Amino acid sequence: MMLLVQMMRGTAMHAGSRWSRSVERLISSGRDINSSAHHFSGFGEACTLSCGHGDQTKVLITGGLGQLGIGLAKLLRRRFGKNNVILSDIRKPPSHVYDDGPFIFSDILDFKNLREIVVNNNISWLIHYSAVLSAVGENNIALAKEVNITGFHNILDVATEHGLRVFVPSTIGAFGPSSPRDPTPELCVQRPQTIYGVSKVHAELMGEYYHHRYGLDFRCLRYPGILSADSQPGGGTTDYAVQLFHAALKTGHFECYLRGDTQLPMMYIDDCVRATLEFLEVPTDSLPSRTYNINAMAFTPQELTQEIQKVLPDLKVTYNVDPLRQAIADGWPKALEDSSARRDWGWKHEYNLPELVQTMLALITQGKQMAEAC
Ligand code: AKB
């Protein structure tokens, strides 16, 4: 027992101050250190015990009410069982979210709250979706720093402390104007010019460092802009694409804040959540890298409009360029090079632009009809 405490103190000294404080608190709290012992074996060496999780994967999703959480939870619940996937956020969800499976309050800025959730629910995978996106981040840098950097440190520490598999999305936003843009390789210059991008590069590097230093099972995919029919993105630069579909069906007119020729990589949500689950299921020893690009399609607002006009010929799109979001988009990749993901774990997208358009229009129409019928 004494030896264990000394080991933990030694480990804590090597790590960041948040971690040190966490370990010190645990030691001085007099809580059952033996029961936590196996968690700490993940530090500096591979965790050879079962990490207390048994065989059952139990997942916590942070930022669960954003664009991706509900869709991912649905897929994971089909795979692991309804009650083994906990969706969390700091907001109150619509009531159907409570019906679909467990939903709890979790604040990633509150380390103790995170730790309680992980311990009380025997969490083994942590999927960290809380983030302030690119456009909102530029308008509130303090908030972006707090959520995307401080919050992320809490995630890293709790995941390391409890030997979790942790997934953190990165994005096309982790690149900048000096990166090669068409296509953008996995390893290249990364000098983003947004706080969002800087925080994502930070997350990639910190996660990889914790993997190397402490054996943390960190996994990261660089997502393109994601399109979904029943959940809206919030505060991003690629959001126009989802908004265009809704406007096309609602009013037949859309005013686009990006220039018509701005090409960005995009992906349909089903491909995105499937990629995430497939990547998370790869055995840790079979992954040569921890951060991968994934790509599906790339289009401009003009190309998206033309494809939608094949179904809705009266759609009219006008342009009123927002300089902030245009500058962000002008520094981002036009396409991502993703051959490593295709080679290492068999990544394959299913949706191209025509399938995306058909699916989005059908689902948004169906959703509108159901809402009207209620
Ligand atoms: C954004 O536009 O900020 C996001 C992203 C590409 O990361 N959708």
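Residues numbered from 1 in each chain as written. Predicted model: local features only at pLDDT ≥ 70, side-chain atom pairs only at ≥ 80, totals over all residues. Heavy atoms only, no water.

A. Geometry of the overall build of the protein chain. On a plain count of helices and strands, the protein chain comes out with 15 helices and 13 strands. The buried share of the protein chain, reckoned over its 374 residues, is 55%. Taking as baseline every contact in the protein chain between residues at least 6 positions apart, the subset at least 24 positions apart corresponds to 77%. Element-wise, carbon and sulfur atoms account for 53% of the exposed surface of the protein chain, whose accessible area totals about 16400 Å². (Helix = DSSP H or I, 4+ residues; strand = E, 2+ residues; numbered from the N terminus. Buried < 20%, exposed > 50% of the residue type's maximum accessible area, 1.4 Å probe, protein only. Contact = heavy atoms within 4.5 Å. Areas by Shrake-Rupley, 256 points an atom, 1.4 Å probe, with all protein chains shown as cover.)

B. Seen up close, the sheet that holds strand β12 (residues 297-299). Strand order in the open sheet made by the three strands is β8-β10-β12, with mixed pairing throughout. Of all strands in the sheet, those with a lone pairing partner are β8 (225-227) and β12, marking the two edges. Ignoring strand direction, the axes of neighbouring strands in this sheet form an average angle of 45 degrees. With three bridges connecting them, strand β10 (residues 264-268) and β12 associate as antiparallel partners. Paired with P265 across the bridge in β12 is A298. (Pairing = 2+ DSSP bridges. Axes fitted to C-alpha atoms, helices over the stretch in contact; angles between N-to-C directions.)

C. Representation of the packing of aromatic side chains within the structure. All told, the structure shown has 14 aromatic pairs when counted by the stated rule. Where F80 meets W125, the ring centres are 5.2 Å apart and the plane angle is 80 degrees; that geometry is what we call edge-to-face. Here the residue F80 occupies a position in helix α4 (residues 69-80), and W125 occupies one in strand β4 (residues 125-128), the gap between them amounting to 45 residues. Seen in terms of ring centroids, F167 and F279 are 6.3 Å apart; in terms of plane orientation they differ by 80 degrees. Their pairing is edge-to-face. With F167 in strand β5 (residues 165-167) and F279 in helix α11 (residues 269-281), this residue pair connects regions lying 112 residues apart in the sequence. Judged by its relative accessible area of 0%, F279 is buried. Taken together, Y129, F167, Y223, F279, Y292, W345 and W347 form an aromatic cluster joined through their ring pairs. Geometry around Y257 places R325 over its ring, the cationic atom sitting 3.6 Å from the centre. (Phe/Tyr/Trp six-rings, centres within 6.5 Å; stacked < 30°, edge-to-face > 60°. Lys NZ or Arg CZ within 6 Å of the ring centre and 35° of its normal.)

D. The site of the ligand, seen in detail. Taken together, L133, S134, T171, I172, Y196, G236, T237, T238 and W332 make up the full set of residues adjacent to the ligand. Between the ligand and Y196 there is a distance of 2.6 Å, counted from an oxygen atom to a side-chain nitrogen or oxygen. Alone, the ligand offers 250 Å² of accessible surface; in the complex the protein occludes 93% of this. (Near = heavy atom within 4 Å. Polar contact = N/O pair within 3.5 Å; in protein donor to acceptor, adjacent residues only side chain to side chain.)

E. The arrangement of the nonpolar core in detail. The biggest cluster of nonpolar side chains holds 71 residues, and the ones touching the most others in it are I61, Y240, F245, F299, L304 and W345. Not counting the four nearest positions on each side in its chain, L304 is found in contact with Y240, A241, L244, F245, F299, L353 and V357. Formed by 27 residues, the second largest nonpolar core is a distinct cluster that contains I123, V132, A144 and I155. (Core = buried A, V, L, I, M, F, W, Y, C linked by side-chain atoms within 4.5 Å.)

F. Spotlight on the environment of S170. Structurally, the position occupied by S170 is in strand β6 (residues 170-171). Residue class for S170 comes out buried when judged on its relative accessible area of 2%. For the pair formed by S170 and R222, sequence separation is 52 residues and the distance between their alpha carbons is 4.3 Å. Setting aside residues no more than four positions away along its own chain, S170 makes contact with K200, E204, C220, L221, R222 and Y223. A distance of 2.6 Å separates polar atoms of two side chains, one belonging to S170 and the other to E204.

G. Summary view of the packing of helix α6 (residues 111-120) against helix α8 (residues 141-161). In contact at an axis separation of 10 Å, α6 and α8 are set at 35 degrees when each is read in the N-to-C sense. Between α6 and α8 the crossing geometry is right-handed. Residues F111, L114, R115 and V118 of α6 touch α8, and the partners they reach there are N154, I155, D157, V158 and E161. Of the residues in the contact of α6 with α8, the class split is five nonpolar, one polar and three charged. (Left-handed = near helix turned anticlockwise from the far one by under 90°. Nonpolar A, V, L, I, M, F, W, Y, C, P; charged D, E, K, R; others polar.)

H. Quick look at helix α10 (residues 240-250). Those residues of α10 that fall on the buried side of the exposure criterion are Y240, A241, V242, L244, F245, A247 and A248. One or two steps after α10, the chain reaches G252, where phi turns positive at roughly 80 degrees.

I. Inspection of α6 at higher detail. Among the residues making up α6, those that are buried are F111, N113, L114, R115, I117 and V118. Two or three places before K112, at the start of α6, stands the capping residue D110, its side-chain oxygen 3.2 Å from that residue's backbone nitrogen. Directly after α6, the chain includes N122, whose backbone phi takes a positive value near 55 degrees.

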